[in-house]
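# Structural features, examined
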Amino acid sequence: VIASLVSLLAVLALGYAVVAAISPRSGLLERLGLGGGVGLGVFTFLLFVATAMGLPLVAPVAAGVWALCLGLAAALGRRRGARFVPGSAGRGSPAPRLSAIDRTGLAGLLALVGFVATASLVIGVYWPVQAWDALTEYDFRGRIFAQTGSFAILNLDPYYAGIPLLTSLAHAWIYLVGGSTPHLIYWLYYVGLLVAVYVGLRRELRPAASLATAAALATTPALFVHSTLAFANLPFGYYFSVASIYLYLWRRDRRSSDLVLSGILYGLSSWTRPGSEPFVAGALLVLLATTSGGRSRIGAPGQLLALYLSFYLPWKLYQRLALTVSGDLYEAHVVLRLDGARLRDVLSFLWTFLTNVREFGVLWLVFLTTALVSLPRLRLGGANLVPLALTGWCLLAWIVQIYALELKSVAYLATASGERLLLTFLPLAVYACAVSPVSPLPRSESDSPPRA
Amino acid sequence: VTLGVIAANLVGLVPRLQQDLGFIARHPDLSPAEKLRSIYGRFHDLVELIRRTTPETSTILIPALAEADPWPDAANEFLLRSFLYPRALVRVSGTEWSRVEPAGRPVFVLVLTQESPGRTDTWPATRPAEESIVFAPSGWGYARVASGGDRR
């Protein structure tokens with residue numbers, strides 16, 4: 001456990017430095033919330049590039065990649081004026097004035113989140129990797145990478161070559177430094193997601209409202225369960241949702257670092273699991289629809305797309321050019337033809353999942369209600385449209401994706417895969433509710449209205 | 001509203017926490033293998049036995065896809081491989097396994113049974129000689145495939 005912790009702290013430090021270099025004005029909490037995900041993503045991506053170029057995947061090489069990347073990020077951060085330990089509020093926002101009720105509420109919510117996060121940690125540390133997909137794919141590949149020092153196992157079967165390597169390389173890193181608890185990776189994503197949501201909301205909501213929203217997310221049963229399993233859904237959900245939150249924050253505040261972080265996080269979502277394309281296409285469309293004229297109308301989507309492709313393309317090229325098996329290519333599953341009965345089945349499944357209180361509480365129902373009530377108050381081009389429209393697009397993309405896969409494989413819906421996919425944009429849906437025009441949550445005193 | 005949402009979440013979360021943390025409290029000292037056994041049962045006994053008693057250079061014969069249905073764990077090559085790698089896994093028919101030539105590598109065939117209401121499935125259909133079978137505690141096992149076919 002200690003070695004696992006140390007290896008993840010090293011990655012967190014790397015991510016912290018990268019976020020500080022990109023966004024020198026970011027606060028401590030923001031860097032910590034993004035640091036784990038960005039660190040794991042960027043580090044495993046560079047490990048992949050190094051191994052694909054012929055270097056052995058062994059501890060000294062991995063440590064060298066880590067040190068080089070940390071050094072570069074620290075140097076860039078220093079050049080851009082980033083302080084190593086910024087104020088915790090960050091970005092120069094004033095320290096909040098809290099009433100006694102606020103303080104009690106905050107303490108209660110913090111205790112709840114702390115308890116749930118601790119329970120997740122205890123369960124994750126107690127169990128060895130045991131979930132089916134983790135045993136057969138994500139953790140297996142990581143163990144064999146660490147044992148053999150190469151990607152040779154990917155050529156054993158298309159099953160191993162179909163999914164990008166982020167989580168497997170993160171497991172391999174833990175094994176290379178002598179750790180044995182890869183579940184900690186998923187705990188880091190879970191806590192990072194809560195912190196990132198809190199920090200994003202704090203730009204416009206009061207502390208108690210931001211923390212209550214994070215607590216609503218923390219206690220979602222499906223999300224909690226995934227924080228104790230080695231599946232790719234939670235990491236994908238982290239990258240996609242936090243990327244979308246930063247896209248909204250960029251659209252709202254027009255800070256260029258938010259757009260860069262959003263693009264990197266979208267890119268890392270493609271490095272986590274296949275099938276990010278329709279969701280990221282939605283982000284680009286929403287960005288185009290909500291950005292007014294001028295250079296940023298084309299420049300911002302272009303920048304986002306370039307950052308996304310810089311993580312997306314190398315793995316795709318590697319799959320096609322370097323692997324001898326064809327790989328279980330996601331796009332090979334996609335077929336489309338009209339089948340009304342199957343479409344009705346998919347919609348029925350969607351409704352069952354959205355109303356599954358034991359997995360999602362009432363979060364999806366709150367989202368649907370919020371979206372409906374918000375519609376008349378949304379303005380095309382308004383920043384608040386971004387999270388709601390993007391979540392709506394994701395639900396639509398879910399229907400198309402599950403429908404297309406259903407046509408190919410009847411068994412797909414029988415598994416929990418469709419439900420797990422819904423989990424990946426749940427954090428975005430919760431965020432969308434919190435910042436919607438009809439949100440009852442109290443706004444921060446320092447909040448300024450979003451720019452048009 | 002948000003507190004109501006949290007309360008609704010707790011309806012699903014609290015029973016899970018009770019179950020998971022309760023298990024940990026009742027079994028704080030289980031080894032990793034014992035924890036996996038609590039989930040995978042006799043399948044875990046089988047792979048532990050194979051891991052302990054066969055060389056890593058072995059080839060393990062497992063049910064052909066058409067015969068795999070009664071054994072979702074033990075006939076799943078990906079789950080088997082996650083425990084038995086670097087041993088090679090080869091799918092064969094339950095009547096053809098004895099024709100596999102070892103060709104310098106030790107070859108073993110799984111021996112599986114499965115009780116379900118109204119039926120008992122066994123694999124392979126052509127069972128190896130009883131004395132050649134090494135059994136795990138829970139009844140599954142494996143037999144070595146002799147050079148030149150089964151010597152039963």
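Residues numbered from 1 in each chain as written. Chains lettered and ligands numbered in written order. Predicted model: local features only at pLDDT ≥ 70, side-chain atom pairs only at ≥ 80, totals over all residues. Heavy atoms only, no water.

Attention now moves to the overall build of chain A. Counting secondary structure elements, chain A contains 20 helices and 0 strands. Looking at the 452 residues of chain A, the share that counts as buried comes to 59%. For chain A, long-range pairs separated by at least 24 residues make up 80% of all intrachain contacts whose partners lie at least 6 apart in sequence. Surface summary for chain A: the accessible area is close to 16,700 Å², and the carbon and sulfur share equals 68%. (Helix = DSSP H or I, 4+ residues; strand = E, 2+ residues; numbered from the N terminus. Buried < 20%, exposed > 50% of the residue type's maximum accessible area, 1.4 Å probe, protein only. Contact = heavy atoms within 4.5 Å. Areas by Shrake-Rupley, 256 points an atom, 1.4 Å probe, with all protein chains shown as cover.)

So, about the overall build of chain B. Within chain B one finds 3 helices and 6 strands. When the elements of chain B are put in sequence order from the N terminus, they spell out α-α-β-α-β-β-β-β-β. Its C-alpha atoms give chain B a radius of gyration of 20 Å, more than 25% over the compact-globule value 15 Å for 152 residues. Oriented by its inertia axes, the alpha-carbon framework of chain B measures out at about 75 × 35 × 25 Å. Sorting the 152 residues of chain B into buried and exposed places 47% on the buried side. Carbon and sulfur atoms form 54% of the exposed surface of chain B, whose accessible area is close to 7,500 Å². Of the charged side chains in chain B, 17 are positive and 17 negative, and the gap between their average positions amounts to 2 Å. (Rg over C-alpha atoms; globule rule 2.2 N^0.38 Å. Lys, Arg positive; Asp, Glu negative; His and termini not counted. Charge placed at Lys NZ, Arg CZ, Asp CG, Glu CD.)

We now examine the interface of chain A and chain B. Each side of the interface is counted separately: chain A has 44 residues, and chain B has 36 residues. Carbon and sulfur atoms supply 74% of the area that chain A and chain B bury against each other, a total of about 3,200 Å² over both sides. The largest share of the area that chain A buries against chain B comes from Tyr-126, Trp-127 and Trp-132 of chain A, three residues that together contribute 22% of it. Here chain A is connected to chain B by 1 salt bridge. A salt bridge links Glu-359 of chain A to Arg-16 of chain B, with the nearest nitrogen and oxygen atoms 2.6 Å apart. One can count 9 residue pairs in polar contact (both at pLDDT 80 or more) joining chain A with chain B. (Buried area = accessible area lost by both parts, 1.4 Å probe. Salt bridge = Lys/Arg side-chain N within 4 Å of Asp/Glu carboxyl O. Polar contact = N/O pair within 3.5 Å; in protein donor to acceptor, adjacent residues only side chain to side chain.)

What follows deals with helix α5 (residues 132-148) of chain A. Compared with an ideal rise of 1.5 Å per residue, which puts 17 residues at 24 Å, α5 of chain A spans 23 Å between its outermost C-alpha atoms and is within 8% of the ideal. Approximately 45° is the largest bend angle found in α5 of chain A, and it occurs at Asp-139 of chain A. Those residues of α5 of chain A that fall on the buried side of the exposure criterion are Ala-134, Leu-135, Thr-136, Glu-137, Tyr-138, Asp-139, Phe-140, Arg-141, Gly-142, Ile-144 and Phe-145 of chain A. Taken together, the buried residues of α5 of chain A touch α6 (158-161) and α7 (166-176) of chain A together with α2 (32-53) and α3 (77-84) of chain B. Two residues or fewer after α5 of chain A comes Gly-149 of chain A, characterised by a positive phi angle close to 70°. (Expected span 1.5 Å × (residues − 1). Bend = angle between axes of the 7 residues up to and from the residue.)

What follows covers the nonpolar core. Grouped together as the largest cluster of nonpolar side chains are 194 residues, with contacts concentrated most on Leu-34, Tyr-266, Trp-364, Trp-398 and Leu-422 of chain A. Residues in contact with Trp-364 of chain A, not counting those within four places in the same chain, are Leu-354, Thr-391, Leu-395, Leu-422, Phe-425, Leu-426 and Ala-429 of chain A. (Core = buried A, V, L, I, M, F, W, Y, C linked by side-chain atoms within 4.5 Å.)

Before going further, it helps to spend a moment on the packing of aromatic side chains. Taken as a whole and judged by the stated rule, the model has 41 aromatic pairs over all chains. A connected cluster of aromatic rings, assembled from ring pairs, spans Phe-45, Phe-48, Phe-145, Phe-151, Trp-271, Phe-311, Trp-315 and Tyr-318 of chain A. Over the face of the ring belonging to Trp-250 of chain A we find Arg-254 of chain A, whose NZ or CZ atom lies 5.0 Å from the ring centre. One cation-aromatic arrangement involves Lys-35 of chain B over Tyr-126 of chain A; the distance from NZ or CZ to the ring centre is 3.9 Å. (Phe/Tyr/Trp six-rings, centres within 6.5 Å; stacked < 30°, edge-to-face > 60°. Lys NZ or Arg CZ within 6 Å of the ring centre and 35° of its normal.)

With that settled, the discussion passes to empty space enclosed by the protein. All names here are of chain A. Summed over the entire model, instances satisfying the criterion amount to 1 cavity of 30 Å³ or more. Taken as a whole, the largest cavity encloses approximately 70 Å³ of empty space. In terms of lining residues, the largest cavity is bounded by Pro-164, Ser-270, Arg-273, Pro-274, Gly-275, Ser-276, Glu-277, Tyr-312, Trp-315 and Lys-316. It is helix α14 (residues 295-321) that contributes the most residues to the lining of the largest cavity, 3 residues altogether. Counted by class, the lining of the largest cavity contains 4 nonpolar, 3 polar and 3 charged residues. (1 Å grid on protein atoms, 1.4 Å probe; cavity = no way out; pocket = protein on both sides within 12 Å on 5 of 7 lines; lining within 4 Å. Points joined across faces, edges and corners; volume = space filled by probe spheres on them. Nonpolar A, V, L, I, M, F, W, Y, C, P; charged D, E, K, R; others polar.)

Another point: the confidence of the model for chain B. Residues and elements named next belong to chain B. When pLDDT is averaged along chain B, the result is 90; 96% of the residues meet or exceed 70. For chain B, strand β4 (residues 119-123) is the element with the lowest average pLDDT, namely 88, and α3 is the one with the highest, namely 96. pLDDT under 50 marks residues 148-152. Its contacts with residues more than four places away, or in other chains, come to 13 contacts. Under the prediction, the complex receives an ipTM of 0.91, its pTM being 0.92. (pLDDT = per-residue confidence, 0-100.)

Summed over all chains, the structure comprises 18 salt bridges over all chains. Residue Asp-45 of chain B pairs with Arg-37 of chain B through a salt bridge whose shortest N-O separation is 2.8 Å. Its salt-bridge partner being Arg-127 of chain B, residue Glu-130 of chain B comes within 3.0 Å of it at the nearest N-O pair. With a relative accessible area of 43%, Glu-130 of chain B lands in the partly exposed category. A residue is classified by how much of its surface remains accessible, and Arg-127 of chain B, at 24% relative accessible area, is partly exposed. Here the salt bridges do not stand alone but share partners, grouping Glu-30, Arg-203, Glu-204, Arg-252, Asp-253, Arg-255, Asp-258 and Arg-443 of chain A into one network.

The subject of this paragraph is the pairing of β4 of chain B. Every regular strand shows the same layout, with side chains that alternate between the two sheet faces. All names here are of chain B. Looking at chain direction, strand β3 (residues 107-116) and β4 are connected through 5 bridges and run antiparallel. Paired with Ser-116 across the strands is Arg-119, a residue of β4. The hairpin formed by β3 and β4 contains 2 residues between the paired strands, and Gly-118 there has a positive phi angle of roughly 85°. (Pairing = 2+ DSSP bridges.)

Note on helix geometry: an α-helix contains 3.6 residues per turn, so any two residues three or four positions apart are oriented the same way. All names here are of chain A. Relative to the 30 Å expected for 21 residues at 1.5 Å per residue, helix α3 (residues 59-79) spans 30 Å between its end C-alpha atoms, a close match to the ideal helical length. Elements in contact with the buried residues of α3: α1 (2-22), α2 (28-52) and α7. Following α3 by one or two positions, Gly-81 adopts a phi angle in the positive range, close to 85°.

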